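Listed here are the chains, written in short residue letters.
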Amino acid sequence: SQVSFEEESQNPPAVGHWKPLLPSRGNKEEPESGCQDAGGVLVEPHSMEQLNVSRLRSSSVEIREKGSEFLRDELHKAQKELKLKDKECERLSKVREQLEQELEELTASLFEEAHKMVREANTKQAAAEKQLREARGKIDMLQAEVTALKTLVITSTPSSPNRELHPQLQSPSKAGFRKGHGRNKSTSSAMVSAASQNVAPEPVSRECKEVDSILFAEFQAWKESPTLDKSCSFLDRIYREDVGPCLDFTKQELSELVRVAVEQNTLTIEPVASQTVPVGKVAAEECGGPKKCALSGLSRTCKHRIMLGDSGNYYYISPSCRARITAVCNFFTYIRYIQQGLVRQDVELMYWEVTRLRREMSLAKLGFYPSEM
């Protein structure tokens, strides 16, 4: 057997070959019914076809499996990329939402800051306007005080005022000893010469004055609770008898505005020696001029002009009208001092001072005024 194996190994087996199933064009012989395989065994053609088909099927299955595996790999890769894209989109969406929220907060903070600045500006403007009104009120008060002081010292020199004639300049302790009114010269005495002003008037006996019980009782009732409300009997009488007639000018509408400004302490009087013609909303003929009084409508030399509140319109007034307005302003200034507790005198002395101021209003209404006006 070993010899035969060696012989077989030396003699290679014949290699089988496929024969065509159909005869070629040059050969008309019948095809053989079989073929030999590698070992020389005959194989049927039908079996060979099945073998080839099975081989093709196995190849196609293998190709299909490899294609499926490749497609699965590609699908996994696409899914991974899609997940990454989704995460990126989600991150960008969060960033956009955060930016929108920050933008809304920034816009809200800017609007709030702008509103805050506007409120602060309005508050500062209101405070400034209030300070301006207070300053103008103080200026008006000081002007009225200066006018009142001029009236008080009209019978004495500036260097040595006569305190006996002006109890307002005395201390409360000294003023208490005087039961009468020390002033014994009317406002018309201002028209005398400067030399006669230095001469001390002769004292008038106390019996020349008598307190009216009704007027004094009304003043005492008002003094218990001082007020500027004209509904009380004391001020109501003065309005009817003194203030109303004194501020009753030819121009009724302007007269009413002047009365309101005097009551509210918003009237300003200033000299017009070197002033230009006023320019405002009111016509020139209504404002008057250096040669025409706006209150009386008469041709007079106007040395002063008035402004009502913050209107910015100036009205030229004659010396007589200025004296009447000043007399009323002096009265209101004095009763305001009493209301504020600045006058520390006996009730009777205050009553006589009020009576003197009422007398000045009556004289001014009749046309008497100092020459320096």
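Nothing here was measured: the structure is a model prediction, and the numbers come from that model.

A.B. asks: What is the right way to look at the overall build of the protein chain in this model?
C.D. replies: For the protein chain, the count of helices and strands is 10 helices and five strands. Each of the 373 residues in the protein chain was classed as buried or not, and the buried ones make up 29%. Expressed as a percentage of contacts within the protein chain between residues at least 6 apart in sequence, the contacts between residues at least 24 apart total 65%. With the model as given, the accessible surface of the protein chain reaches about 25,500 Å², and the carbon-plus-sulfur share is 56%.

A.B. asks: Help me understand the environment of Ser362, please; the structure alone is not making it clear to me.
C.D. replies: For Ser362, the position within the fold is in helix α10 (residues 347-366). Remark: the alpha-carbon pair of Ser362 and Glu241, spanning 121 residues in sequence, is separated by 8.7 Å.

A.B. asks: Could you clarify how one ought to interpret the nonpolar core in this entry?
C.D. replies: Note that soluble globular proteins tend to have their nonpolar side chains buried in a common cluster. Membership of the largest hydrophobic core comes to 48 residues, with the highest contact counts inside it found for Val243, Val258, Leu267, Leu295, Ile306, Ile325 and Phe331. Of all the secondary structure elements, the ones that give two or more residues to this core are α5 (213-224), α6 (233-246), α7 (252-264), β3 (267-271), β4 (304-308), β5 (314-317), α9 (319-340) and α10. The element best represented in this core is α9, accounting for 11 residues. Each residue touching Val258, except ones within four places of it in the same chain, is listed here: Leu267, Leu295, Ile306, Leu308 and Ile325.

A.B. asks: Before we go on, may I ask you to explain the pattern of salt bridges in this structure?
C.D. replies: Pairing between side chains becomes possible if they bear opposite charge and their charged atoms approach one another. A complete count under the given rule lists 14 salt bridges for this structure. Of the charged contacts, one joins Arg358 and Glu241 as a salt bridge, the two residues approaching to 2.6 Å between their closest N and O atoms. Of the two residues, Arg358 sits in helix α10 while Glu241 sits in helix α6, which places them 117 residues apart along the sequence. Given the relative accessible area of 39%, Glu241 is considered partly exposed. A salt bridge links Glu270 to Arg305, with the nearest nitrogen and oxygen atoms 2.7 Å apart. Of the two residues, Glu270 is situated in strand β3 and Arg305 in strand β4; the sequence distance between them amounts to 35 residues. The buried category is assigned to Arg305, whose relative accessible area is 8%. Ionic contacts of the salt-bridge type, sharing partners, join the residues Glu218, Arg237, Glu241, Asp242 and Arg358 into one network.

A.B. asks: Before we go on, may I ask you to explain a positive patch on the surface in this structure?
C.D. replies: A surface patch of positive charge is lined by Lys77, Lys80, Lys83 and Lys87. Mapped onto the elements, Lys87 comes out in helix α2 (residues 45-152). Assessed through its relative accessible area of 58%, Lys87 is described here as exposed.

A.B. asks: Hey, could you run me through the confidence of the model for the protein chain in this one?
C.D. replies: Detailed reading of the predicted coordinates is not advisable wherever pLDDT falls low. Model confidence for the protein chain is summarised by a mean pLDDT of 76, while 68% of its residues fall at 70 or above. Of all the helices and strands in the protein chain, helix α4 (residues 194-197) carries the lowest mean pLDDT, 36, while α6 carries the highest, 94. Under a pLDDT of 50 for its full length, residues 1-10 has, in the predicted model, zero contacts with residues more than four places off or in other chains.

Calculation notes
Residues numbered from 1 in each chain as written. Predicted model: local features only at pLDDT ≥ 70, side-chain atom pairs only at ≥ 80, totals over all residues. Heavy atoms only, no water. Helix = DSSP H or I, 4+ residues; strand = E, 2+ residues; numbered from the N terminus. Buried < 20%, exposed > 50% of the residue type's maximum accessible area, 1.4 Å probe, protein only. Contact = heavy atoms within 4.5 Å. Areas by Shrake-Rupley, 256 points an atom, 1.4 Å probe, with all protein chains shown as cover. Core = buried A, V, L, I, M, F, W, Y, C linked by side-chain atoms within 4.5 Å. Salt bridge = Lys/Arg side-chain N within 4 Å of Asp/Glu carboxyl O. Patch = residues over 30% accessible without salt bridge, like charges linked within 9 Å, V, L, I, M, F, W, Y side chains within 5 Å. Lys, Arg positive; Asp, Glu negative; His and termini not counted. Charge placed at Lys NZ, Arg CZ, Asp CG, Glu CD. pLDDT = per-residue confidence, 0-100.

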